[in-house]
Amino acid sequence: MTSSSDTFQGWVAHDATSPLTYTTFQPKPFTPTDIEIRVSHCGICGTDIHTLRSGWAPTNYPCVVGHEIVGTVVRVGSAVPTLESSPASREIKLGDRVGVGAQSGACLRKADCEACADGEESYCPRIVGTYNGRYADKSKSWGGFATLWRGPAHFAFKIPDALPSAEAAPLLCGGVTVYAPLRKYGAGPGKSVGIVGIGGLGHLGVLFAKAMGCERVVAISRSSGKKRDAVEGLGADAFIATGEDENWARTHAKSLDMIICTVSGPDMPLTGYLRLLKRDGAFVQVGAPEEPLPQLMAFSLIQRGVKVTGSNIGSTEDIRQMLKLAAEKRVLPWIQERPMEDVNAALVDMHEGKARYRYVLVNDVGTQARL
């Protein structure tokens, strides 16, 4: 079950407009701290679309996206069993089912990196994305729309037996993106939480807020089109349709301890959202728009001392805790499986908002067996 090839195959983007093509690419050089994974599943994330079209910044083409990766370990570096940087990585062995999220590199120098010293690797100034990044040796990082993935074992996580691979994949980025701020800002018994946007991220926000025991979880969307999904399917306690009730902000004022905002747009009613917060409440932005956020009046912050902040993808400890909770509480994303070779059509459908609520690409079993 080992792989020694330095040529991988995957769905490669060569520019911002052309369809992905199935071809070869050169992964990073294999090092003693790396592992190799035979990819079985990979979720499609909004970040993939932003990157493919150079939406946030110019992409370093050619590029293979995909950072919600689940598969089987087929190669383990000689230093992995003794890694000091990640005790959990020492447990990874050939044949294990593991996952990789949006990060695959950081300096990990606890002596002179405050973020890494605090276990917050996702805020390391030398962060390496699982794709479209550069490792310390200047080699490129490549994602999971491929048959194999290679990278540092520190950022790989054993998948609990209770989680099916297809459902586990979106948790590795989408799941931890909402779980991390919920955990940081105290979601739990006695707390009321609002989730803005009921989509790929937002539906996971509702599921995790419920799993964490929040007293009240409120789904917030522009229309009532997803009310049934949110309340009857996901378990939200209430639903606010901001585009159908002009008095929504006044009616629900001072009712929430925190809001996790998964939407991205310059016209979102930010001032109205802040009215929903109690004194000292927190508004946490996790959706990442290509355009600026709306302007904000100072008194929206001053009058009740509310906080407006953001949250990155989550630390390695966040991911471990999130996977544990998901396994214990059966937090399973709503997914639709698509064949990996259907990736171009799936990306179009994702961009058009057709996913309910995450697409997960599945590699052909026959192809995988021949690797």
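Computed from a predicted model, the values in this text were never measured in an experiment.

What counts, and where the lines are drawn
Residues numbered from 1 in each chain as written. Predicted model: local features only at pLDDT ≥ 70, side-chain atom pairs only at ≥ 80, totals over all residues. Heavy atoms only, no water. Helix = DSSP H or I, 4+ residues; strand = E, 2+ residues; numbered from the N terminus. Expected span 1.5 Å × (residues − 1). Buried < 20%, exposed > 50% of the residue type's maximum accessible area, 1.4 Å probe, protein only. Contact = heavy atoms within 4.5 Å. Axes fitted to C-alpha atoms, helices over the stretch in contact; angles between N-to-C directions. Parallel < 35°, antiparallel > 145°, perpendicular 65-115°, else oblique. Nonpolar A, V, L, I, M, F, W, Y, C, P; charged D, E, K, R; others polar. Arc of directions from axis to C-beta. UniProt positions renumbered as here; feature names shortened; annotations may be inferred.

### Some details on helix H9 (residues 316-329)
Next, step 1: Its 14 residues give H9 an end-to-end C-alpha distance of 20 Å, which sits within 8% of 20 Å, the value for a rise of 1.5 Å per residue.
Next, step 2: Taken together, the buried positions of H9 are Thr 316, Asp 318, Ile 319, Met 322, Leu 323, Leu 325, Ala 326 and Ala 327.
Next, step 3: Where the residues of H9 are buried, they touch strand E9 (156-158), helix H3 (165-184) and helix H4 (202-211).

### Some points on the packing of H3 against H9
Next, step 1: Where H3 contacts H9, the axes come no closer than 9 Å and their chain directions differ by 100°. Put simply, H3 runs roughly perpendicular to H9. For the pair H3 and H9, contact is made by Leu 171, Leu 172, Gly 175, Val 176, Tyr 179, Ala 180 and Arg 183 and by Glu 317, Asp 318, Ile 319, Gln 321, Met 322, Leu 323, Leu 325 and Ala 326, respectively.
Next, step 2: Grouping the amino acids of the contact of H3 with H9 by side-chain chemistry returns ten nonpolar, two polar and three charged.

### Quick notes on helix H10 (residues 343-351)
Two residues of an α-helix separated by three or four positions point the same way, owing to the 3.6 residues in each turn.
Next, step 1: By the burial criterion, the buried members of H10 are Val 343, Ala 346, Leu 347, Asp 349 and Met 350. Along the axis of H10, the buried positions cluster into a sector of 165°, meaning they face one direction only.
Next, step 2: Looking at the packing, one finds that the buried side of H10 touches strand E1 (8-12), helix H1 (46-52), strand E16 (335-339) and strand E17 (358-362).
Next, step 3: Gly 353, located one to two residues past H10, shows a positive phi value of around 75°.

### Details of the UniProt feature "domain: Enoyl reductase (ER)" (unreviewed entry) in the protein chain
Next, step 1: If you check UniProt for "domain: Enoyl reductase (ER)" (unreviewed entry), the listed places come out as residues 15-361 in our numbering.
Next, step 2: Annotated as 24% helix and 24% strand, the span residues 15-361 places its first and last C-alpha atoms 21 Å apart.

### Description of unusual backbone geometry
Next, step 1: Omega for the bond connecting Tyr 61 with Pro 62 falls within 30 degrees of zero, at -5°, which places this linkage in the cis form.
Next, step 2: Within the element layout of this structure, Pro 62 appears in the loop between H1 and strand E4 (69-76).
Next, step 3: The residue after Arg 356, namely Tyr 357, is reached through a cis peptide bond having omega 0°.
Next, step 4: Its place among the elements puts Tyr 357 in the loop between H10 and E17.

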